[in-house]
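A structural walkthrough
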Amino acid sequence: MEWRDEHLLEKEMDLQEVDIETFESIYGDYISSEELARELFISTDTITAWIKKGEIVPDYSTKLGRVNYYKFKPERVEEIRVLKNLKKRDETTILDDFWEFIEERSYSLSYKIIFILALIKNLEKDGEADFEKVKSDYISYYRKRLEDGLPVDKKSCPYTAEYLNSDKEMIRNIIVNPFEKFERKRFIYYGKDLKNIGFSFYLWQKVDSDFIKKLKNKMLEDLENYYKDLGGEGDTSIFKYKNLL
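From a predicted model like this one, the values you see are computed outputs, not experimental measurements.

1. Topic: the pattern of salt bridges
For the coordinates displayed, the defined rule picks out 22 salt bridges. Arg38 is the partner of Glu183 in a salt bridge, and the nearest nitrogen-oxygen pair spans 2.8 Å. Pair noted here: Glu183 is in helix α9 (residues 167–183) and Arg38 is in helix α2 (residues 33–40), with a separation of 145 residues, a long-range link. For the salt bridge of Asp97 with Lys87, the shortest nitrogen-to-oxygen distance reads 3.6 Å. With Asp97 in helix α5 (residues 94–104) and Lys87 in the loop between α4 (76–83) and α5, the pair connects residues that are 10 residues apart, well separated along the chain. The partly exposed category is assigned to Lys87, whose relative accessible area is 39%. Residues joined by salt bridges that share partners form a network here, namely Lys87, Arg89, Asp97 and Glu100.

Below, the structure written as structure tokens:
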């Protein structure tokens with residue numbers, strides 16, 4: 001059935017009722033592609049690529065608008081890990097996993113370096129830091145580069161003076177990247193109210209003063225190398241920290 005007036009065209013559609021209780025009973029314990037990626041220590045983009053290539057097949061999929069959603073049975077995690085020859089990672093491997101991630105030095109922009117330097121500067125003895133303090137130091141580093149006439153980062157970086165002054169934009173940017181890159185791998189977490197962020201429980205149990213010194217030195221070394229062709233590393237005095245351990 002179809003009818004129209006001068007502004008509206010409506011068409012009767014055949015809609016199928018969805019039984020939410022039945023859906024939950026069948027798929028309630030399934031995990032999303034993002035959850036699968038976290039379990040496997042890889043990116044969601046990698047999961048999506050495998051699906052598109054037919055290398056793995058989700059147990060349930062649906063499309064809402066232009067977005068595809070995939071679900072997997074929990075037991076598929078180990079199956080896919082073996083299929084893709086991925087290393088098993090858990091709380092017993094977290095320290096090695098962390099250093100492996102750091103040693104990759106995968107810096108499309110400088111965000112991860114500055115984030116870690118700001119985090120360890122503001123750490124308290126419980127392994128947490130006030131997010132506002134971390135954010136403030138993070139922003140201050142880039143703002144100082146602009147004040148000193150240095151390139152803030154590569155041309156693709158959106159950090160103009162106006163952007164850095166937008167609290168809303170900077171919070172969103174820090175959470176999406178760099179924070180998410182560490183959180184996805186369960187190295188760092190944040191509280192529900194976003195007041196504190198810190199090292200995950202299992203990683204913090206393995207942290208000592210040598211860990212903090214080594215991490216800071218690595219980040220400063222990477223910062224120097226990153227900005228070598230971008231006017232130099234700039235003023236890093238903001239990242240002085242107290243010895244907590």
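From this point on, the discussion continues.
2. A few points about the pairing of strand β5 (residues 67–72)
Here strand β3 (residues 31–32) pairs with β5 via two bridges, running antiparallel. Across the sheet, the residue bridging to Ile31 is Phe72, located in β5. As defined by bridge partners, strand β4 (residues 60–64) adjoins β5 across five bridges and the pair is classed as antiparallel. Bridge assignment links Ser61 to a residue of β5, and that residue is Tyr70. Counted along the chain from β4 to the antiparallel partner β5, the turn is two residues long, and its residue Gly65 has a positive phi close to 65°.

3. A word on the environment of Thr62
Mapped onto the fold, Thr62 is located in strand β4. Accessibility expressed as a relative area gives 31% for Thr62, which makes it partly exposed. Here Thr62 is in contact with Val67, Asn68 and Tyr69, once residues within four sequence places are set aside.

4. A few points about the packing of aromatic side chains
Applying the stated criterion across every chain, the model contains 23 aromatic pairs. Summarising the aromatic geometry, the rings of Phe98 and Phe199 are spaced 6.2 Å apart at their centres and angled 80° between planes, so their arrangement reads as edge-to-face. Here the residue Phe98 occupies a position in helix α5, and Phe199 occupies one in strand β8 (residues 196–199), the gap between them amounting to 101 residues. Exposure class is identical for Phe98 and Phe199. Each is buried. A ring pair is formed by Tyr226 and Tyr227, whose centres lie 5.0 Å apart and whose planes are at 75°; its orientation type is edge-to-face. On the basis of relative accessibility, which here comes to 0%, the residue Tyr227 falls in the buried class. Among the aromatic residues, those joined into a ring-pair cluster are Phe41, Phe98, Trp99, Phe101, Phe115, Phe179, Phe182, Phe187, Tyr190, Phe199, Trp204 and Phe211. The lysine or arginine in question, Arg145, covers the ring of Tyr227, its NZ or CZ lying 3.6 Å from the ring centre. Its end group placed over the ring of Trp99, Lys214 keeps NZ or CZ at 4.3 Å from the ring centre.

5. Let's talk about unusual backbone geometry
Non-glycine residue Phe41 carries a positive phi angle of around 70°. Considering the arrangement of structural elements, one finds Phe41 in the loop between α2 and α3 (44–52). The exposure class assigned to Phe41 is buried, which follows from its relative accessible area of 13%. A positive phi angle, near 50°, is found at Arg105, a position not held by glycine. As for its placement among the helices and strands, Arg105 is situated in the loop between α5 and α6 (111–121). Judged by its relative accessible area of 32%, Arg105 is partly exposed.

6. So, the environment of Pro158
Mapped onto the elements of the fold, Pro158 is located in the loop between α7 (131–147) and α8 (161–164). In this structure Pro158 comes out as partly exposed when scored by relative accessible area, which is 32%. Remark: the alpha-carbon pair of Pro158 and Asn173, spanning 15 residues in sequence, is separated by 9.8 Å. The residues touching Pro158, leaving out its near neighbours within four places in the chain, are Tyr111 and Tyr163.

7. Some remarks on α4
Residues spaced three or four apart along an α-helix point in a common direction, a consequence of the helix completing one turn every 3.6 residues. Inspection of α4 places Arg76, Val77, Ile80 and Arg81 among the buried residues, and these make up the whole buried set. Seen from one end, α4 has its buried residues packed into an arc of 135°, which puts them on one side. Along α4, the residues that are exposed and aim more than 90 degrees away from the buried face are Val82 and Leu83. Its buried side turned inward, α4 meets β3, α2, α3 and β5. Asn85 sits one or two residues past α4 and shows a positive phi near 55°.

What counts and what doesn't
Residues numbered from 1 in each chain as written. Predicted model: local features only at pLDDT ≥ 70, side-chain atom pairs only at ≥ 80, totals over all residues. Heavy atoms only, no water. Salt bridge = Lys/Arg side-chain N within 4 Å of Asp/Glu carboxyl O. Helix = DSSP H or I, 4+ residues; strand = E, 2+ residues; numbered from the N terminus. Buried < 20%, exposed > 50% of the residue type's maximum accessible area, 1.4 Å probe, protein only. Pairing = 2+ DSSP bridges. Contact = heavy atoms within 4.5 Å. Phe/Tyr/Trp six-rings, centres within 6.5 Å; stacked < 30°, edge-to-face > 60°. Lys NZ or Arg CZ within 6 Å of the ring centre and 35° of its normal. Arc of directions from axis to C-beta.

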